[in-house]
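The residues making up each chain are set out below.
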Amino acid sequence: MRTNLLSLILMGLSLLPTTAMDAATDHLPTTTVATSVAGLYPIPSSGRVVYNFSQGWRFHLGDAEGAQASTFDDSRWQVVNVPHTARLEPYEASGCRNYQGVVWYRKHFTLPADMKGKDITVHFEAIMGKQEIFVNGQKVADHLGGYLPITVNLTALGLKAGDKAVIAVKADNSDDKTFPPGKKQAALDFCYHGGMYRDVWLIGKSPVAITDALEAGRVAGGGIFLHYGDISEQRAEVYVNVEVGNSGNTPSAPTVTARIKDCNGKVVATMKKTLKLAAATQQTAVLGTTLKRPQLWSPENPYLYQVEITVTEKGHTTDGGMVRMGIRKAEFKGKDGFWLNGKPYHQLVGGNRHQDFAYVGNAMPNSQQWRDARRLRDAGMTIIRCAHYPMDSSFMDACDEMGLFVIVPTPGWQYWNKDPRFGELVHENTRNIIRRDRNHPSVLMWEPILNETRYPEDFALKALDITREEFPYPGRPVAVADVQSAGVRDNYDVVYDWADNIGKGNWPEDKCVFTREFGEMVDDWYAHNNINRAARPWGERPQLMQALALCDSYGEMFHGRRQFIGGCQWHPFDHQRGYHPDPYYGGIYDAFRQKKYAFEMFRAQDTSASPMVFIANEMTQFSDNDVVVFSNCDSVRLTMFEGDKVATLPVSHNADDKPCAPVVFKDFWNFWKAREYSYKQRNWQRVSLLAEGIKDGKVVASQKKMPSRRSTKIRLYADTMGKQLTADGSDFIVVVAEITDDNGNVKRLAKDHILFTVEGEGHIIGDGADIMANPRAVEWGSAPVLIQATDKAGKITITARSAFEGTYAPAADTLTIESVPPTLPACFTDKTTITRPSSRNGKASTGNTATMTEEERQRTLEEVNKQQAEFGIQ
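Below or above, wherever it landed, is the structure these notes cover.

The rules behind these values
Residues numbered from 1 in each chain as written. Predicted model: local features only at pLDDT ≥ 70, side-chain atom pairs only at ≥ 80, totals over all residues. Heavy atoms only, no water. Buried < 20%, exposed > 50% of the residue type's maximum accessible area, 1.4 Å probe, protein only. Helix = DSSP H or I, 4+ residues; strand = E, 2+ residues; numbered from the N terminus. Pairing = 2+ DSSP bridges. Polar contact = N/O pair within 3.5 Å; in protein donor to acceptor, adjacent residues only side chain to side chain. Phe/Tyr/Trp six-rings, centres within 6.5 Å; stacked < 30°, edge-to-face > 60°. Patch = residues over 30% accessible without salt bridge, like charges linked within 9 Å, V, L, I, M, F, W, Y side chains within 5 Å. Areas by Shrake-Rupley, 256 points an atom, 1.4 Å probe, with all protein chains shown as cover. Salt bridge = Lys/Arg side-chain N within 4 Å of Asp/Glu carboxyl O. Lys, Arg positive; Asp, Glu negative; His and termini not counted. Charge placed at Lys NZ, Arg CZ, Asp CG, Glu CD. Contact = heavy atoms within 4.5 Å. Core = buried A, V, L, I, M, F, W, Y, C linked by side-chain atoms within 4.5 Å. Expected span 1.5 Å × (residues − 1). Axes fitted to C-alpha atoms, helices over the stretch in contact; angles between N-to-C directions. Parallel < 35°, antiparallel > 145°, perpendicular 65-115°, else oblique. Left-handed = near helix turned anticlockwise from the far one by under 90°.

**Observations concerning the pairing of strand 13 (residues 235–246)**
The buried fraction of strand 13 is high, at ten of twelve residues. One ladder, built from three bridges, connects strand 11 (residues 208–210) with strand 13; its direction is antiparallel. Looking at strand 13, one finds that valine 208 is bridged to asparagine 246. Bridging between strand 12 (residues 224–231) and strand 13 involves six bridges; their strand directions are antiparallel. Across the sheet, residue histidine 227 finds its bridge partner in strand 13, namely tyrosine 239. In textbook terms, the turn of a hairpin is the stretch between consecutive antiparallel strands, and for strand 12 and strand 13 this stretch comprises three residues.

Have a look at this one:
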């Protein structure tokens, strides 16, 4: 029987705050190998030359006449590094306050000497909006869309090693209905944050080399394609398709070799094939082998083999790279549910994810992509639905590593354009997404349609066909879409819906059901008052209400029906939105990635993780007498005042509801009793709560909390999560200043402003940018700042002090961290300029939203309301 815990507790609750805690993640790696570049991890002496091309771009906000010309004077433009956002925005920048319009990037460079004899390309991972690209004044590319790679061939333009050149990019993130997503930002649940927000690479390949799947543009072809035959615990049939091209003028007979290595670097299989290539042709080597007793990939064991591929001719290596391989068998069996590696698998529960971060919008470095995947896995999630576009390739790499399944969608949200070209662009995006992401073991499903959109049936069926054409092998990722949409119910592999709808009407028994967005409980889609949305600064009661509400929604993902395979929470990270003045506050983390109580609730649902307990009560004068504890143990013992009051309650485990229901100790905390110890007896040390998690009769986890006393200190910590800051000019980490008492207890109710200063090889993002980044207000006991590395490895010293110092102001703190050199060399001419950004008041947030009438605004919001209600968002 399902219980609504929130309704049981709500009558007696009057709460408020959290302490920083690390999740139990000992089963996950803390580091990863070097970044993949255009789908391949570079390997030494491969013949392929790769440079970081993200440094030294000159930037101009707004249009600039003649900026495409090689002789254009850009000397007054700021020099920036990529990933880069068009404009830094305040922490709360929803409601179309972000910049929309034209921006320009220009890069002066000299092609490195080791590019001699190479075919040279510039690989842009993504640029928001629509783009025009020029090399030495010549237009070389027009591109529509902000989420997929763009490649420019410099060799085809006659450039070679030693040549100087200028590449100019005009990007425009203004509303444009002609290409997906197409919807104007004023009616959008996320933002089109502008800029060159993903990495750029300079790649040099020999004339005889592995092709790029997106450049090749062939159905189920180009580049490297991993696929499988029979998979079991005893054996796995592994196939590696490698397309090699010969751009030279003479025939070639290269040998393609694939070496499969285990996680320790031991070669477990080697495959070879020699090809015969005429000039200006390509051919695919299909390599196959059988691995005995393979390590199978799963969320619990995300085992990755390394497949090193080389192309050699006459004893000389001309090209090569490595792809990571996770061997797994996923099956969707209708009423029998989801099976993994030959066995029924438990519910897939996770979250949706936007690429949105405080201040920088979409411009997240690879390290933060990795940390986001880690944060989601730390919360016990096993599946992520990308919303509503393909993610950065480094995020996909991290999901492979962390054991997170991924649903990858084509860009789109509540918009359909009847112009046939629009649908063609959607399908083109889908093909390129599959070609980019097909080798990731994390990819479980493709979402090849437009989210929450009414589109014609022939569009849906064509989208489905594309997923099968582009991945024509056994074990392909399946296609998923909303069951209400045309052509989906009877044809798609998996359907989006709610478990309660299974069996109603003409329900197809052969379809597994997945809920794409759970947790939303708005009063209506205009006001957006919602019990599952709680900004972290609102404090203890709102955070607890959010956690309990989400816990009830979490329980809806467990119905005891195998046909219903799980769902994704909307949305684990707070993010900016176009159509509402408030950011989305429903995250279990805020936009700086600081945890809320709801994170601990999620973590407690993972019974396979390390034992944990968390006390969701800060013992303040405003805290509720009922004490809620989240735990994945069998029972919890709670002790007050060092033994004056002790109680033990079971953790309710229900296979058809919440895996681990919150434990509520009724009328347990008493401020007046605590006052007797601290005020009357001068024995404040006895005022504490101790929660102990018990399994099999033994205490296996514990947490002790004390009420914070007087604010006396500032405490700094860097949220590195085991990954060091890289000195590439764009990487950043979050550093947090907490206000504490003498004993280190965070003063959640403290009010102050923290002024940060930095010395050494780093600087503060947004310092002096009119976005209230520095000084930063203390909220819920802490004030975060973003520290970005320079391009020189070294020590960075951060100091935090009260912006208004005095005799009793909290004492300052200093933290020193150290950045490390990047793994790949950089190609750039202009040195980054660290300047105080211009005032936001100097540039209007231009775009189509500025001229909307009140009638147009209302009509836009009514349209959103109708569509969200129509697609069953509950």
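**A few points about the sheet that holds strand 43 (residues 795–802)**
Strands sit in the order 41-39-43-44 across an open sheet of four strands; the sheet is antiparallel. The open sheet has two free edges, formed respectively by strand 41 (776–777) and strand 44 (813–818), since each of these has just one partner strand.

**Quick notes on the side chain of aspartate 482**
Relative to the helices and strands, aspartate 482 is located in strand 26 (residues 478–482). Owing to a relative accessible area of 2%, aspartate 482 belongs among the buried residues under this scheme. Of note is the side chain of aspartate 482, whose polar atom sits 2.5 Å from the side chain of arginine 516.

**A look at the packing of aromatic side chains**
As enumerated under the stated definition, the model contains 37 aromatic pairs in all. Arranged with centres 6.1 Å apart and planes meeting at 85 degrees, the rings of phenylalanine 190 and tyrosine 192 form a pair that is edge-to-face. For the pair shown, phenylalanine 190 and tyrosine 192 are each scored as buried. Summarising the aromatic geometry, the rings of tyrosine 597 and phenylalanine 614 are spaced 5.6 Å apart at their centres and angled 65 degrees between planes, so their arrangement reads as edge-to-face.

**With respect to a negative patch on the surface**
Side chains of Glu457, Asp458, Asp490 and Asp510 sit close together on the surface and give a patch of like negative charge. The topology assignment puts aspartate 458 in helix 6 (residues 457–470). You can call aspartate 458 exposed: its relative accessible area is 57%.

**Let's talk about the environment of valine 646**
The residue valine 646 is located in strand 33 (residues 645–650) in this model. Under the relative-accessibility criterion, valine 646 is labelled partly exposed at 46%. Once the C-alpha coordinates of valine 646 and alanine 691 are considered, the two residues, 45 residues apart in sequence, prove to be 9.9 Å apart. Look past the residues within four positions of valine 646 in its chain and what remains in contact with it is Arg637, Leu638, Thr639 and Phe668.

**A few points about the side chain of asparagine 52**
As for its position among the elements, asparagine 52 is in strand 1 (residues 49–52). Residue asparagine 52 is classed as buried on the basis of its relative accessible area, which comes to 11%. Here serine 54 takes part through its backbone nitrogen, which lies 2.7 Å from a polar atom of the side chain of asparagine 52. Once residues within four sequence positions are removed from consideration, asparagine 52 is found in contact with Val200, Trp201, Asp728, Pro825, Ala826 and Cys827.

**A short note on the nonpolar core**
Residues Val360, Tyr492, Ile588, Phe602, Phe630 and Leu786 are the most contacted members of the largest nonpolar core, which totals 103 residues. Counting residues in each nonpolar core, the second largest holds 34 residues, with Tyr105, Ile120, Ala171 and Val200 among its members.

**Points about helix 3 (residues 366–378)**
Its 13 residues place the ends of helix 3 18 Å apart at the C-alpha level, agreeing with the 18 Å of an ideal helix rising 1.5 Å per residue. The buried fraction of helix 3 is high, at 13 of 13 residues.

**Describing the sheet that holds strand 36 (residues 698–705)**
In spatial order, the strands read 33-32-35-36; together these four strands make up an open sheet with antiparallel pairing. Among the strands making up the open sheet, the edge pair consists of strand 33 and strand 36. For this sheet, the mean inter-axis angle between neighbouring strands, taken without regard to orientation, is 20 degrees. Looking at chain direction, strand 35 (residues 689–695) and strand 36 are connected through seven bridges and run antiparallel. Across the sheet, alanine 691 pairs through a bridge with glutamine 703, a residue of strand 36.

**Observations concerning the packing of helix 7 (residues 540–555) against helix 8 (residues 597–604)**
Following both chains from N to C, one finds helix 7 and helix 8 inclined at 30 degrees, their axes separated by 8 Å at the closest point. One element, helix 7, and the other, helix 8, form an angle in the roughly parallel class. Helix 7 and helix 8 meet at a crossing whose hand is right-handed. Of helix 8, the residues touching helix 7 (which contributes Glu540, Gln543, Leu544, Gln546, Ala547, Leu550, Cys551 and Tyr554) are Tyr597, Ala598, Met601 and Phe602.

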